[in-house]
Amino acid sequence: MASRDCRPFLDLPPCPVEAADAVILPLPLEKTISYGGGTVRAPEAILEASRQIELFDEETLVDFAGSPKLHTMSLLGDEGSLENYLAAIGRCVAPLRDKFVLAVGGEHTITCGMVSGLIDDPTELTIVQIDAHADLIDELDGRWLSHGTVMRRLWERGCRLVQIGVRSLSRSEYDLAAADERIVTFYAHQLTPRWEELLAVLGSLRGSVYLSVDVDGLDPAVIPSTGTPQPGGLSWGQTMQIVRTVATNSTCRLIGADIVEFVPSLRPPGCDLTAARLVMKILAFWTVGRSIRLSD
Ligand SMILES: [Mn+2]
């Protein structure tokens, strides 16, 4: 698949990348799937569904007809090996560090390329990971780099992790998360009793922060359309509260985000629209956070 233009997010009139505040990067990567496939089709389905979304957001009062200015990049096609693809993401993102970059995957492995492009020193980065899976395994199906090992690789580079909604992991991943001070995990069954603690952790983050939303972190009642769904995930409202808390925290800077592991599906209807709405909400909360930082 070659790189090609795709429909702009929200069907907005084209804005040149130099003039944009935020950039949408469609990354249809699907190379290391374990169960259900289809993430390769997700970026185009989400962009297509975004045409149906109102440009005004009633919660943040952000109106995308005005600000922020969005640029939707060309779809980044197959670059051969997984390593080549991740390197291509890094090259694509590195010149965009003065903007907010939101990647629309594709499988979770893209986060490695995003982080490489967005920051020189990963030890200065905290990744807030919404996910049903810890993605901390050392090797999955003989692969060192895959959707199941992505957070292990980023942790090895020095990133801190705040994991939210995890409810499927191995004993070795559990033990690693429990023992390491750079990993804080809020398991799905702890969300209610530890909710205030979670918000306090997110509200006190410092430095650069990257938000990675694996859509299987949400409850299948919200988004059933993913390769490896797990019952008992985040509600829409909880997800919004997490995104708002991270994006509007003035003690840290949200440098980028991704939405991964979505699988477009006609049944039940509306899933593509839910995923597109999630993209829009992250952009809206980032816009609120930016205006708070500018007014400080
Ligand atoms: Mn994941």
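Quick note: structure is the one above.
Because the structure is predicted, anything quoted here is derived from the model rather than measured.

Conventions used here
- Residues numbered from 1 in each chain as written.
- Predicted model: local features only at pLDDT ≥ 70, side-chain atom pairs only at ≥ 80, totals over all residues.
- Heavy atoms only, no water.
- Helix = DSSP H or I, 4+ residues; strand = E, 2+ residues; numbered from the N terminus.
- Buried < 20%, exposed > 50% of the residue type's maximum accessible area, 1.4 Å probe, protein only.
- Contact = heavy atoms within 4.5 Å.
- Core = buried A, V, L, I, M, F, W, Y, C linked by side-chain atoms within 4.5 Å.
- Salt bridge = Lys/Arg side-chain N within 4 Å of Asp/Glu carboxyl O.
- Axes fitted to C-alpha atoms, helices over the stretch in contact; angles between N-to-C directions.
- Parallel < 35°, antiparallel > 145°, perpendicular 65-115°, else oblique.
- Left-handed = near helix turned anticlockwise from the far one by under 90°.
- Nonpolar A, V, L, I, M, F, W, Y, C, P; charged D, E, K, R; others polar.

A. Region of the structure containing the environment of L25. By the secondary structure assignment, L25 is in strand β1 (residues 22–27). In this structure L25 comes out as buried when scored by relative accessible area, which is 1%. Sequence-wise, L25 and F9 are 16 residues apart; in three dimensions their C-alpha atoms are separated by 10.0 Å. When residues no more than four places from it in sequence are discounted, the contact partners of L25 are M73, I89, C92, V93, V101, L102, A103, V104 and M114.

B. Region of the structure containing the nonpolar core. Ranked by internal contacts, the top residues of the largest apolar core, which has 58 residues, are I164 and L283. Considering each element in turn, this core owes the most residues, 11 residues, to helix α8 (residues 271–295). The residues contacting L283, other than those within four sequence positions of it, are F9, A22, I24, F64, L70, F100 and L102.

C. Looking closely at the pattern of salt bridges. As enumerated under the stated definition, the model contains 19 salt bridges in all. The salt bridge partner of D11 is R51, with a shortest N-O separation of 3.7 Å. Placement of the pair is D11 in the segment before β1 and R51 in the loop between α1 (42–49) and β2 (70–72), with a sequence separation of 40 residues. Looking at D11, the relative accessible area reads 39%, which means it is partly exposed. The partner of D21 in a salt bridge is R290, and the shortest N-O contact between them spans 3.2 Å. With D21 in the segment before β1 and R290 in helix α8, the pair connects residues that are 269 residues apart, well separated along the chain. Because the salt bridges share partners, they merge into one network encompassing D57, E58, E59, R244, R277 and K281.

D. A look at the packing of helix α6 (residues 195–203) against helix α7 (residues 236–247). Closest axis-to-axis distance for the α6/α7 pair is 8 Å, and the angle between their directions is 30°. Here α6 lies roughly parallel to α7, going by the angle between them. Seen along the crossing, α6 lies across α7 with a hand that is right-handed. Of α7, the residues touching α6 (which contributes W195, L198, L199, L202 and G203) are Q238, Q241, I242, T245 and V246. Residues that form the contact of α6 with α7 fall into these classes: 6 nonpolar, 4 polar and no charged.

Interpretation in functional terms is not warranted from these geometric data alone.
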